[in-house]
Amino acid sequence: GCPRADIRNRIAAGRYNSWVETRHVVFSHGQESGPWGSKITALAAVAGAKGFATHSVDYRGIDDARARVAKLHADCATLPNAPILCGSSMGAYVTVAAAADLRARAAFLLAPALLLPGLPSLLDTALDCPVTLVQGWRDDVVRYEQTVQFAARHRYSLHVLNSDHRLSDCMPTLCCLFDHFLGTA
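Residues numbered from 1 in each chain as written. Predicted model: local features only at pLDDT ≥ 70, side-chain atom pairs only at ≥ 80, totals over all residues. Heavy atoms only, no water.

**Q** Any details on the overall build of the chain? Residues and values, ideally.
**A** Each helix and strand in the chain was counted, giving six helices and six strands. Sorting the 185 residues of the chain into buried and exposed places 47% on the buried side. Of the roughly 9100 Å² that the chain leaves accessible, carbon and sulfur atoms contribute 52%. (Helix = DSSP H or I, 4+ residues; strand = E, 2+ residues; numbered from the N terminus. Buried < 20%, exposed > 50% of the residue type's maximum accessible area, 1.4 Å probe, protein only. Areas by Shrake-Rupley, 256 points an atom, 1.4 Å probe, with all protein chains shown as cover.)

**Q** Break down the nonpolar core for me, with residues and values.
**A** Note on soluble globular proteins: their nonpolar side chains tend to be buried together. In this structure, Leu72, Leu109, Leu127 and Val131 are the most contacted members of the largest nonpolar core, which totals 34 residues. No other element matches the eight residues that helix 4 (residues 90–102) contributes to this core. Setting aside residues no more than four positions away along its own chain, Val131 makes contact with Ala107, Leu109, Tyr156 and Ser157. (Core = buried A, V, L, I, M, F, W, Y, C linked by side-chain atoms within 4.5 Å. Contact = heavy atoms within 4.5 Å.)

**Q** Break down the side chain of His165 for me, with residues and values.
**A** As for its position among the elements, His165 is in the loop between strand 6 (157–161) and helix 6 (171–184). On the basis of relative accessible area, His165 is assigned to the buried category, the value being 13%. Within the structure, His165 has its side chain in polar contact with the side chain of Asp139 (distance 2.7 Å). Beyond its immediate chain neighbours, meaning those up to four positions away, His165 contacts Lys39, Ser89, Ala111, Asp139, Val141 and Val142. (Polar contact = N/O pair within 3.5 Å; in protein donor to acceptor, adjacent residues only side chain to side chain.)

**Q** Describe the packing of aromatic side chains, listing the residues and the values that go with them.
**A** Going through the model one piece at a time under the given rule, you end up with six aromatic pairs. Residues Phe108 and Phe181 carry aromatic rings whose centres are separated by 5.0 Å and whose planes lie at 45° to one another, so their mutual orientation is tilted. Highlighted residues: Phe108 in strand 4 (residues 106–110) and Phe181 in helix 6, separated in sequence by 73 residues. The exposure class assigned to Phe108 is buried, which follows from its relative accessible area of 0%. A residue is classified by how much of its surface remains accessible, and Phe181, at 3% relative accessible area, is buried. (Phe/Tyr/Trp six-rings, centres within 6.5 Å; stacked < 30°, edge-to-face > 60°.)

**Q** Describe helix 6, and please don't skip the residues or the numbers.
**A** With 14 residues, helix 6 should cover 20 Å at 1.5 Å per step; its first-to-last C-alpha distance of 20 Å lies within 8% of that length. All of the buried residues along helix 6 are Met171, Leu174, Cys175, Leu177, Phe178, Phe181 and Leu182. Considered in projection along helix 6, the buried side chains sweep an arc of 165° and stay on one side of the axis. The exposed set on the far side of helix 6, more than 90 degrees from its buried face, consists of Pro172, Cys176, His180, Gly183 and Thr184. In the core, the buried residues of helix 6 are packed alongside strand 1 (24–28), helix 2 (38–49), strand 3 (84–88), strand 4, strand 5 (131–136) and strand 6. (Expected span 1.5 Å × (residues − 1). Arc of directions from axis to C-beta.)

From the geometry alone we can't say anything about function, so treat these as descriptive.
Shown next as structure tokens:
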């Protein structure tokens, strides 16, 4: 939490927003990107405008999905309330794998790589929170059929866009979808 003097100063200044009351969005990037790539930066701006605190876990140098799940747990350990999780590609795998233990408030999954070689499939993993998925029709890394199957199996919201794995050419649409998602999470 915050030191007491800092809390007293913020209360006196009329700008106290306690750590406990703040809603948090935690981002998990994919295997070949970084914690503050263009997609996460754009989505974090949407979350910030809605009053959410944001954090993007830095998985660079961590190739193993299990180690990434442990890193997400460690980064969320100090949060006083259930986070909203947002993961892209391998970051979506990590999000789904960790969501139950973190008591996620909601999950926003982008091009979710739920079938990773050498790891258990997460296609049958049901999350006990609202879930929205976004997938590109032209994704050559994660087949759209897998995402449709996962969404249909669990009755999750699904948006399939005319885009590729990165979804970068649909950023305005992606931001609108995330804004709506945060408004209902």
